[in-house]
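Structural overview
So you can see what is in the structure, the chains are spelled out below.
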Amino acid sequence: MEWKGILGLIFRTCEWIMLLAYLNILWILFTVLGAVAFGIFPATAAMFAVIRKWLIGKNDIPVFKTFWNYYRAEFFKTNGLGLMFFITGLILYLDFKIIDFQNELINRIFMIVTFVFTSIYTVILIYIFPVFVHYDLKLLQYVKHAFLIGVANPIRTALMVLCLITAYFMLRMVPGLLPFFSGSLLSILLMTFAYQSINKIERIKNNLAASNDG
């Protein structure tokens, strides 16, 4: 019985590895399908949508069909979101470049302000896809929700950043994993932590609503 259990664990682990590899290949293919610039955000959102289905217990969903339907349905909306993040990221990058040309006092002030905005940008960025696939909102509302959930869960947010850094160095050390896990591994880590944070916020909201009704 114990051996059977071990075999079952090995089988499920291999199955999850294959699913993540398959999902990552879909992510790469559909990113290229959108000429990269227009495919990266819809493909990433579709990947997070599939992972969210897995996390809520829908393990038997057709991966390709789910991915394709979400990619197609949210193509323009996700690209609008991507444009916002690209422009904001470009502005922050240029700000860091400009810092070198300021006098010492202005340089320090500008550096602090830019660092604060970059931190906010990072928090929003790591939560934006989990929030996007979980809620149906307007573009700016996704940004607001991502920021508030991230700030309300500082420990999980810090763990998400740590996971990203760890996964980055792991993939860099073993570049052969990039075609199979570069996106899916990072996505399942972020989605898992973010889903816990979202559930925590929703439980608090439900408890407050119940208290008010009572």
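Structure: above.
Residues numbered from 1 in each chain as written. Predicted model: local features only at pLDDT ≥ 70, side-chain atom pairs only at ≥ 80, totals over all residues. Heavy atoms only, no water.

Before going further, it helps to examine the pattern of salt bridges. Considering all chains together, one arrives at one salt bridge under this definition. Salt-bridge contacts for Lys-77 lead to Asp-136; the nearest nitrogen and oxygen are separated by 3.5 Å. Here the residue Lys-77 occupies a position in helix H4 (residues 75–99), and Asp-136 occupies one in the loop between helix H5 (104–134) and helix H6 (139–152), the gap between them amounting to 59 residues. Relative accessible area serves as the criterion here: at 25%, Lys-77 is assigned to the partly exposed category. The exposed category is assigned to Asp-136, whose relative accessible area is 71%. (Salt bridge = Lys/Arg side-chain N within 4 Å of Asp/Glu carboxyl O. Helix = DSSP H or I, 4+ residues; strand = E, 2+ residues; numbered from the N terminus. Buried < 20%, exposed > 50% of the residue type's maximum accessible area, 1.4 Å probe, protein only.)

Let's shift gears to the packing of aromatic side chains. For the structure shown, the criterion picks out 15 aromatic pairs. Aromatic side chains Phe-30 and Phe-67 sit 5.0 Å apart centroid to centroid with 50 degrees between the ring planes, which places their arrangement in the tilted category. With Phe-30 in helix H1 (residues 2–33) and Phe-67 in helix H3 (residues 63–73), the pair connects residues that are 37 residues apart, well separated along the chain. The class for Phe-67 is buried, based on a relative accessible area of 0%. (Phe/Tyr/Trp six-rings, centres within 6.5 Å; stacked < 30°, edge-to-face > 60°.)

Now for the layout of surface pockets. When its volume is computed, the largest pocket comes out at roughly 350 Å³. Thr-44, Phe-48, Phe-129, Leu-186 and Leu-190 are, among the 15 residues lining the largest pocket, the residues nearest its centre. At the level of secondary structure, the elements contributing two or more residues to the lining of the largest pocket comprise helix H2 (40–55), H5 and helix H9 (184–213). With five residues, the single largest contributor to the lining of the largest pocket is H2. (1 Å grid on protein atoms, 1.4 Å probe; cavity = no way out; pocket = protein on both sides within 12 Å on 5 of 7 lines; lining within 4 Å. Points joined across faces, edges and corners; volume = space filled by probe spheres on them.)

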